[in-house]
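Close look at the chain arrangement
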2 protein chains.
Amino acid sequence: MIDYLRKVAREIDELIRNDPFPESVRPEYLRSAVRDYPGRGGKRIRPALLIWSCAMLGGSEEAALYPAAAAEVFHNWTLVHDDIIDRDVSRRGAPTCHVTLAEEMKQFPLDDEARERSGRDFAILAGDLQQGWANDLLLRSVEHGVPPRVVLALSRKLQKLANAALITGEALDVEFSLRPITELSASQIREMLYLKTGALLRFCAEAGAMIALNTDSAEPEEVKILGEFAAAAGIAFQLRDDYLGLFGDYSSLGKPLGADLREGKATILLLTTLQMASGEDKAVLTDLIGRAEYSPTDLDTVRRIMHDSGATAMIDAETAQLAERARNLLREFPDNIYRQCLIDLINFLINRER
Amino acid sequence: MIDYLRKVAREIDELIRNDPFPESVRPEYLRSAVRDYPGRGGKRIRPALLIWSCAMLGGSEEAALYPAAAAEVFHNWTLVHDDIIDRDVSRRGAPTCHVTLAEEMKQFPLDDEARERSGRDFAILAGDLQQGWANDLLLRSVEHGVPPRVVLALSRKLQKLANAALITGEALDVEFSLRPITELSASQIREMLYLKTGALLRFCAEAGAMIALNTDSAEPEEVKILGEFAAAAGIAFQLRDDYLGLFGDYSSLGKPLGADLREGKATILLLTTLQMASGEDKAVLTDLIGRAEYSPTDLDTVRRIMHDSGATAMIDAETAQLAERARNLLREFPDNIYRQCLIDLINFLINRER
């Protein structure tokens, strides 16, 4: 699977690097910003999901390539705006888009605050342009083997799942961060995660199936099964993410352990622990939420409470169940190398250590 | 023409008000924000341009309606992000999107700064959602009489002219505001204005023609002529805007007279004056740029210098020439009521007092 994933990444990297869409953008630093995140590489899980879903059903990998690149660029523009909203300074080991652009502003006579603001303003526009780029890539798949009616159906699906659903998920995430953690339920978080992460994965799987079946309808069984598969895999992926945020390997993670806890971010793991912990442990944990810093001892305490309460075991079980469900859904399809790649991808995502 | 314009506005108002796209958006205040600007009415010049271009060539007004609404919603999302960038507080007599959303944040325990920031964050997302809404409206025109191949061609044109060109125009506008006015030329401003305003108008005119001709090609003479017509009309419209910013009627304008001057905004009028004014007048004018406030005497001085230098006469002549060129391009088409509406629209836009 890893070799196949690398192949997808190479093809997507090359397509994105050479794509003409950003060429007309000016000023030059904005054009660079538009190319920045999409060109940073990464695992390219969304493209792989789309291409393999298509290929598993006998569709052409070539036809799936532009829609796959569209999903990846779409994902990346949402990261640009997310990073502005979260005021994050680094992404995949390099400065975030708005930080890079603020640096570019040094060519103008601005004070620090104005420089930061202008960097943010241009980053808003960079994300806006990338949204257009993603749409354009998908539309241009008509020149690469996807019939017009299918392209139209996929473009509409992109507006529904990648625009409306995903951004609603992001908005709920922002709102949840403004509300006391005690007001939130695990099911609200689960829904938010489905919208924020699962919906775009669902788009990828369904789009791959529709290209393979040469249909503009989302009704065929294959499309529905692959959609459910992607939604289940997406939640499992997120649960693993939460877990690694506290139990992972610090050196290989992009952000410090406990970052979610410091931000008072309502993860399912945290909410489940608060629900299940004994009175005393609950008080200790509640007290630890939202601190500016955590000592190794603090983090050990949090981990112990999560463990003792039974929350980690419960989340582990849920993750395993979701992964099992995702794999079982795939068993409805004929056994071939792409089905195996999709199964391996699930295992890879939920067993990863970073 | 005014009656026809009102009819377009009514139809667009109704379509936008009842359109289902924003329904799935949450939280509820974000959904309201998504519907806000597009529902505020306004002259609906872009939809009129699209519908009349189509009808003038014998196309169906009904088929042009969804693309027209798409252009209007597209225009509105760019205003939402523009208003964030320009830190404007009012738009069409009501609070801007980010100000309204900051007000909504009072339901959360936030200090003033955090409230303002969260309002801005949600406004970024509101604009992002509206961009998807605009795309979705255009894609759905396939259900209202526009063939799939034409819808695809229009969607690609929207990414090129409304996304890439328009946002590049906005970015250049932001950059120009960071540079000393003396570094800028009128031709740079002219190009920026074409990108920021003319490109979307060009989309409207060309899209109307393509729907009427039932073509996915931008090559037919009619498409090209209407595109040039819209570009000329767009610049004329902007020149009039600059003029009214200083010579208009304060009470009927959305912003105070001299706002451009206070912001040191490089308008063609200002740059032309600086080029043409005598040494002494040029020094006086340069000194007046970027002040926090202007007395009526200050503004009279600015107006006198603009007049004496010959700049206003020159801009007036250019505006009239562009309008004449736009009208002449229309004379290539058969004389009918829609051609007359387009001619009247030009006259209306360049003779308006606000």
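Anyway, here's the lowdown on the structure attached to this text. If you're wondering where the values come from, they're calculated on a predicted model, not measured in any experiment.

Conventions used here
- Residues numbered from 1 in each chain as written.
- Chains lettered and ligands numbered in written order.
- Predicted model: local features only at pLDDT ≥ 70, side-chain atom pairs only at ≥ 80, totals over all residues.
- Heavy atoms only, no water.
- Helix = DSSP H or I, 4+ residues; strand = E, 2+ residues; numbered from the N terminus.
- Rg over C-alpha atoms; globule rule 2.2 N^0.38 Å.
- Buried < 20%, exposed > 50% of the residue type's maximum accessible area, 1.4 Å probe, protein only.
- Contact = heavy atoms within 4.5 Å.
- Lys, Arg positive; Asp, Glu negative; His and termini not counted.
- Charge placed at Lys NZ, Arg CZ, Asp CG, Glu CD.
- Polar contact = N/O pair within 3.5 Å; in protein donor to acceptor, adjacent residues only side chain to side chain.
- Least-squares fit on C-alpha atoms with pLDDT ≥ 70 in both.
- Buried area = accessible area lost by both parts, 1.4 Å probe.
- Salt bridge = Lys/Arg side-chain N within 4 Å of Asp/Glu carboxyl O.
- Nonpolar A, V, L, I, M, F, W, Y, C, P; charged D, E, K, R; others polar.
- Axes fitted to C-alpha atoms, helices over the stretch in contact; angles between N-to-C directions.
- Parallel < 35°, antiparallel > 145°, perpendicular 65-115°, else oblique.
- Left-handed = near helix turned anticlockwise from the far one by under 90°.
- Core = buried A, V, L, I, M, F, W, Y, C linked by side-chain atoms within 4.5 Å.

This part covers the overall build of chain A. Each helix and strand counted, chain A has 15 helices and two strands in total. Against the globule reference of 20 Å for 354 residues, chain A gives a C-alpha radius of gyration of 21 Å, in line with a compact fold. Overall, chain A is about 60 × 60 × 35 Å in size when its C-alpha atoms are taken along their principal axes. Looking at chain A as a whole, 61% of its 354 residues are labelled buried. Residue pairs at least 24 apart in sequence account for 72% of intrachain contacts in chain A once pairs closer than 6 positions are excluded. Across chain A, the 42 positively charged side chains and the 55 negatively charged ones have centroids separated by 2 Å.

A few words on the environment of Ser177(B). Residues and elements named next belong to chain B. Residue position: Ser177 is located in helix α7 (residues 148-178). Judged by its relative accessible area of 49%, Ser177 is partly exposed. Residues Ser177 and Glu263 lie 86 residues apart in sequence; the distance between their C-alpha atoms is 8.0 Å. Engagement of the side chain of Ser177 in a polar contact is seen with the backbone oxygen of Val174, the distance being 2.6 Å.

We now examine the relation of the copies chain A and chain B. Between the two copies, chain A and chain B, the superposition gives an RMSD of 0.0 Å; the rotation angle is 180° and the shift along the axis is 0.0 Å. In short, the pair behaves as if placed about a two-fold rotation axis. Among all residues of chain A, the one whose C-alpha sits closest to the rotation axis is Pro148(A), at a distance of 3.2 Å.

With 53 residues of chain A in contact, the opposing surface of chain B contributes 53 residues. Overall, the association of chain A and chain B removes approximately 4700 Å² of surface from exposure, summing both partners, and the carbon and sulfur fraction of that is 66%. The three residues of chain A that bury the most area against chain B are Arg26(A), Arg156(A) and Leu178(A), which together make up 14% of that side's buried surface. For the interface between chain A and chain B, the tally reads four salt bridges. Of the charged contacts in the structure, one is a salt bridge between Arg26(A) and Glu191(B), with a shortest N-O distance of 2.7 Å. Applying the counting rule to chain A against chain B returns 12 residue pairs in polar contact (both at pLDDT 80 or more). When contributions to the side of chain A that touches chain B are tallied by element, the ones reaching two or more residues are α2 (28-39), α4 (61-86), α6 (112-139), α7 (148-178) and α8 (186-213) of chain A. Residues of the side of chain A that touches chain B, tallied by class, amount to 28 nonpolar, 10 polar and 15 charged.

Below, the discussion takes up the packing of helix α4 (residues 61-86) of chain B against helix α6 (residues 112-139) of chain B. In a pair of packed helices, the angle between the axes and the distance between the axes together describe the arrangement. Residue and element names in this part refer to chain B. The geometry of α4 relative to α6 is characterised by a closest axis approach of 8 Å and an angle of 165° between their N-to-C directions. Viewed along their axes, α4 and α6 adopt a mutual orientation that is roughly antiparallel. Where α4 crosses over α6, the handedness of that crossing is left-handed. Facing α4, whose interface residues are Tyr66, Pro67, Ala69, Ala70, Val73, Phe74, Asn76, Trp77, Val80, His81 and Ile84, α6 presents Arg120, Ala123, Ile124, Gly127, Asp128, Gln130, Gln131, Trp133, Ala134, Leu137 and Leu138.

Bringing the nonpolar core into the picture now. By size, the foremost hydrophobic cluster in this structure holds 269 residues, and its most contacted members are Trp52(A) and Trp52(B). Beyond its immediate chain neighbours, meaning those up to four positions away, Trp52(B) contacts Met1(B), Tyr4(B), Leu5(B), Val8(B), Tyr338(B), Cys341(B), Leu342(B) and Leu345(B).

Attention shifts here to the pattern of salt bridges. Summed over all chains, the structure comprises 64 salt bridges over all chains. Among the salt bridges present, the one from Asp19(A) reaches Arg140(A), with a minimum N-O distance of 2.8 Å. Of the two residues, Asp19(A) is situated in the loop between α1 (2-18) and α2 and Arg140(A) in the loop between α6 and α7; the sequence distance between them amounts to 121 residues. Of the two residues, Asp19(A) and Arg140(A), neither departs from the other in class, the shared state being buried. With a shortest N-O distance of 3.4 Å, Glu61(B) and Lys7(B) are connected by a salt bridge. Taken as a pair, Glu61(B) in helix α4 and Lys7(B) in helix α1 (residues 2-18) lie far apart in primary sequence, 54 residues in all. What makes Glu61(B) partly exposed here is its relative accessible area of 25%. Three or more residues joined by partner-sharing salt bridges are found here, namely Asp82(A), Glu170(A), Asp173(A) and Lys196(A).

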